[in-house]
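A closer look at the structure
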There are 2 protein chains.
Amino acid sequence: MSTSTRKTKPMAESRRESLIAAAAALLDGGGPAAVTLREVGRAAGVSHNAPYKHFADKEALLAAVASRELDRMSRVVDGEAQGSARPDAKALMTGYVAWALRYPERFKLTFGRWMRDDPELAATASASRSLLLAAVQAAQAHGELPAANPERLAGLLLALAHGAADMALSGHLSADGKGSAEPADLVGDLFEYLRLAAANRP
Amino acid sequence: MSTSTRKTKPMAESRRESLIAAAAALLDGGGPAAVTLREVGRAAGVSHNAPYKHFADKEALLAAVASRELDRMSRVVDGEAQGSARPDAKALMTGYVAWALRYPERFKLTFGRWMRDDPELAATASASRSLLLAAVQAAQAHGELPAANPERLAGLLLALAHGAADMALSGHLSADGKGSAEPADLVGDLFEYLRLAAANRP
DNA sequence: ACCTGAACACCGTTCAAGT
DNA sequence: ACCTGAACACCGTTCAAGT
């Protein structure tokens, strides 16, 4: 109840989180190469190997960054898509690509590979996936998406959003800048085609 | 004409290419972290800094690996898709994802970012893109793809193929393994939906 | 329980020197 | 023109030692 007891435990947590925040800031600023344990320690005001008291190694620290980021993105994007009565699949996908374009380095880190089997991260990913699945099924019920396997349809949507964002970030999408489109445009195109396909096979 | 004159110039080229081959082999074996100039030199039978006589720095060597790989993939995939009378867009995309799944590390390197403005690499990419565009337009003429902007349609196809391959490699596609699909299945799904959409709006 | 400073092995890059 | 060996600055990780 006293202020001292309130501070002891959170202190360790804040130190740990300040290390994660420092790593994320360095990642945003200069890419993965800029994230060195020495710089992380300096930014957090500790020695270059203090992180080892909170994380097994550098990859564990990066996994924590990815976990925090996936959690934040889910909160924002899922929150936006749940604004109306039923979850909006298109809003989920456009929110996803917008987040990817806004935080390119975190996006690449988070989805670059399955980080160490982090149960917390897996839980967040699973919840987000469930929401997308519900949105897909709702859209199918309204005839806006074809009546196919919803999991597979969700995979199609995710793959396009992910690929459009990734190619845009690496410059492969707007090669000539001529007939090219933004990732959000491609997401819109796909939903329109799927709506037409659903209308054709009712 | 003599054997000695025949050897001098190609020698330098073979040395350069043996360095590229060594780097590619190390990349395949252990990912980007395994590609160190010291290991590259050892595998090529030279000192750890001999590569600097052929490449400006490590990134230039990696760019050469990416350039060689893009050229090889284009040759194989484009060749397969040109087997019949008109280029086959679906064959191009399935060939693309098959190559990505077969050489994951090279795929990530080649498409991870636009490498240093390599004119050779840009030319290969441009030629490959032109072939895809021709295939898309041929399919549109046959009513198999919607009559939209062909460049934008090509972007949609590429984004899906790229995203499906990338997510499969990082394990994000078959999360539960339940209703998940292989990247080639998603490519097939997309072409089927596009065919239905084209049939709906003739 | 958490942190520090020294130390080790490794890496990319540079440089003087060789042929 | 191409290569070598030594050297430099940097990094991830370990460890003995402190509180």
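Values in this document were obtained by computation on a predicted structure and should not be read as measured data.

Points about the pattern of salt bridges
Residues and elements named next belong to chain A. A complete count under the given rule lists 14 salt bridges over all chains for this structure. Between E39 and R42 there is a salt bridge, with its nearest N and O atoms 2.9 Å apart. A residue pair is termed a helical-turn pair when its members lie 3 or 4 positions apart in one helix, as E39 and R42 do in helix α2 (residues 37-44) at three residues. On the basis of relative accessible area, E39 is assigned to the partly exposed category, the value being 31%. Since its relative accessible area comes to 57%, R42 is described here as exposed.

Quick look at the protein's contact with DNA strand C
In the vicinity of DNA strand C lie 19 residues, with R15, S47, N49 and H54 of chain A together with R38 of chain B positioned nearest. Protein-proximal atoms of DNA strand C, defined as those within 4 Å of the protein, fall in sugar or phosphate at a share of 46%. Contact between DNA strand C and K58 of chain B: a phosphate oxygen at 2.8 Å from a side-chain N or O atom of the residue. Among the elements of the structure, α1 (3-30) of chain A together with α2 (37-44) of chain B are those that each provide at least two residues to the surface near DNA strand C. Along the lines of polarity and charge, the residues of the surface near DNA strand C split into six nonpolar, seven polar and six charged.

Quick look at the relation of the copies chain B and chain A
By a simple turn and slide, chain B fits onto chain A: the slide is 0.0 Å along the axis, the RMSD is 0.0 Å, and the turn is 180 degrees. Taken together, these values place the two copies in the relation of a two-fold axis. It is G163 of chain B whose C-alpha, among those of chain B, lies nearest the rotation axis, at 1.7 Å. Comparing interface residues between copies, 100% of those in chain B also sit at the interface in chain A, which points to an isologous, same-surface contact.

Digging into the interface of chain B and chain A
Taken together, the 41 residues of chain B in the interface contact 41 residues of chain A. In total, about 3600 Å² of surface goes out of reach between chain B and chain A, with carbon and sulfur atoms giving 61% of it. Three residues stand out in chain B for area buried against chain A, namely R152, H172 and Y193 of chain B, and they jointly supply 19% of the buried area on that side. Applying the counting rule to chain B against chain A returns two salt bridges.

Here's the deal with the packing of helix α8 (residues 183-200) of chain A against helix α8 (residues 183-200) of chain B
How two helices pack is summed up by the angle between their axes together with the distance between the axes. It is the contact of α8 of chain A with α8 of chain B, at a shortest axis distance of 8 Å, that shows an interaxial angle of 70 degrees. One element, α8 of chain A, and the other, α8 of chain B, form an angle in the roughly perpendicular class. For the crossing formed where α8 of chain A meets α8 of chain B, the hand is left-handed. Facing α8 of chain A, whose interface residues are L190, Y193, L194, L196, A197, A199 and N200 of chain A, α8 of chain B presents L190, Y193, L194, L196, A197, A199 and N200 of chain B. Across the contact of α8 of chain A with α8 of chain B, the residue classes tally to twelve nonpolar, two polar and no charged.

Focus on the packing of helix α4 (residues 89-102) of chain A against α8 of chain A
All names here are of chain A. Contact pair α4 / α8: the axes reach a minimum separation of 9 Å and the direction vectors enclose 160 degrees. Our classification of the angle between α4 and α8 gives roughly antiparallel. At the point where α4 passes α8, the crossing takes the right-handed sense. Mapping the contact onto sequence places A89, K90, M93, T94, V97 and L101 in α4 and P183, A184, V187, G188 and F191 in α8. For the contact of α4 with α8, the residue count by class is eight nonpolar, two polar and one charged.

Criteria and thresholds
- Residues numbered from 1 in each chain as written.
- Chains lettered and ligands numbered in written order.
- Predicted model: local features only at pLDDT ≥ 70, side-chain atom pairs only at ≥ 80, totals over all residues.
- Heavy atoms only, no water.
- Salt bridge = Lys/Arg side-chain N within 4 Å of Asp/Glu carboxyl O.
- Helix = DSSP H or I, 4+ residues; strand = E, 2+ residues; numbered from the N terminus.
- Buried < 20%, exposed > 50% of the residue type's maximum accessible area, 1.4 Å probe, protein only.
- Near = heavy atom within 4 Å.
- Polar contact = N/O pair within 3.5 Å; in protein donor to acceptor, adjacent residues only side chain to side chain.
- Nonpolar A, V, L, I, M, F, W, Y, C, P; charged D, E, K, R; others polar.
- Least-squares fit on C-alpha atoms with pLDDT ≥ 70 in both.
- Contact = heavy atoms within 4.5 Å.
- Buried area = accessible area lost by both parts, 1.4 Å probe.
- Axes fitted to C-alpha atoms, helices over the stretch in contact; angles between N-to-C directions.
- Parallel < 35°, antiparallel > 145°, perpendicular 65-115°, else oblique.
- Left-handed = near helix turned anticlockwise from the far one by under 90°.

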